[in-house]
Amino acid sequence: QVQLVESGGGLVLAGGSLRLSCAASGRTFSNYAMGWFRQAPGKEREFVAGISRSGGATSYADSVKGRFTISRDNARNTVYLQMNSLKPEDTAVYYCAVTGLQLATDPRHYVYWGQGTQVTVSS
């Protein structure tokens, strides 16, 4: 069992920045690749970014490439999502999740999920 707790969401103006954090507990954090997903009202949950167990490999959705950066600190059991140049269409609940695969974009490959944190970008 892995427990995940996201934080750092909030309300920001378009063009602004936020950094999300996801603190993990329960099992050896460095054994798992991590991902960030988001879900807007009326839409399906979508992949945002993923990072490998060591942090040496990352993957991004096309919609956030060049604006978002995923990173992890295995000593602190925490994964981050730095979000810059935010747009109103980035508004969603953001979730972090754990996968046993090296990197995955399909939410069905993720086993544990956090409760989510709301990000709202106003124009």
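Let me begin by describing the structure that accompanies this report. The structure displayed is predicted, hence computed values, not measured ones.

Right, let's talk about the overall build of the protein chain for a bit. The secondary structure content of the protein chain amounts to zero helices and 11 strands. Along the chain direction, N to C, the helices and strands of the protein chain fall in the order β-β-β-β-β-β-β-β-β-β-β. Oriented by its inertia axes, the alpha-carbon framework of the protein chain measures out at about 40 × 30 × 25 Å. Here the protein chain has roughly 6000 Å² of accessible surface; of this, 48% comes from carbon and sulfur atoms. Charged side chains in the protein chain number 12 positive and 8 negative. The centres of these two groups are separated by 5 Å.

Moving on to the packing of aromatic side chains. For the coordinates displayed, the defined rule picks out five aromatic pairs. Centroid distance phenylalanine 37 to tryptophan 113: 5.0 Å. Interplanar angle 55°. Geometry classified as tilted. With a gap of 76 residues between them, phenylalanine 37 in strand S4 (residues 33-39) and tryptophan 113 in strand S10 (residues 110-113) connect regions that are remote in the sequence. Look at phenylalanine 37 and you get buried, because its relative accessible area is 0%. Tryptophan 113 gets classed as partly exposed once you look at its relative accessible area, which sits at 26%. Ring centres 6.1 Å apart and planes at 55° place the aromatic pair tyrosine 110 and tryptophan 113 in the tilted group. Overall, tyrosine 110 belongs to the buried group, its relative accessible area being 6%. Put simply, the rings of Phe37, Phe47, Tyr95, Tyr110 and Trp113 touch in pairs and so form one group of aromatic residues. Sitting over the face of the ring of tyrosine 95, arginine 45 holds its NZ or CZ atom 3.8 Å from the ring centroid.

In this section: the sheet that holds strand S8 (residues 78-83). Here we have four strands laid out as an open sheet, ordered S1-S3-S8-S7, and antiparallel in their pairing. A strand with exactly one partner marks an edge of an open sheet, and here the two such strands are strand S1 (3-7) and strand S7 (68-73). Taken over all neighbouring pairs, the strand axes of this sheet differ in orientation by 15° on average, direction set aside. Where S1 meets strand S3 (residues 18-25), five bridges bridge the pair, whose relative direction is antiparallel. Directly across from serine 7, in S3, lies its bridge partner serine 21.

Parameters at a glance
- Residues numbered from 1 in each chain as written.
- Predicted model: local features only at pLDDT ≥ 70, side-chain atom pairs only at ≥ 80, totals over all residues.
- Heavy atoms only, no water.
- Helix = DSSP H or I, 4+ residues; strand = E, 2+ residues; numbered from the N terminus.
- Areas by Shrake-Rupley, 256 points an atom, 1.4 Å probe, with all protein chains shown as cover.
- Lys, Arg positive; Asp, Glu negative; His and termini not counted.
- Charge placed at Lys NZ, Arg CZ, Asp CG, Glu CD.
- Phe/Tyr/Trp six-rings, centres within 6.5 Å; stacked < 30°, edge-to-face > 60°.
- Buried < 20%, exposed > 50% of the residue type's maximum accessible area, 1.4 Å probe, protein only.
- Lys NZ or Arg CZ within 6 Å of the ring centre and 35° of its normal.
- Pairing = 2+ DSSP bridges.
- Axes fitted to C-alpha atoms, helices over the stretch in contact; angles between N-to-C directions.

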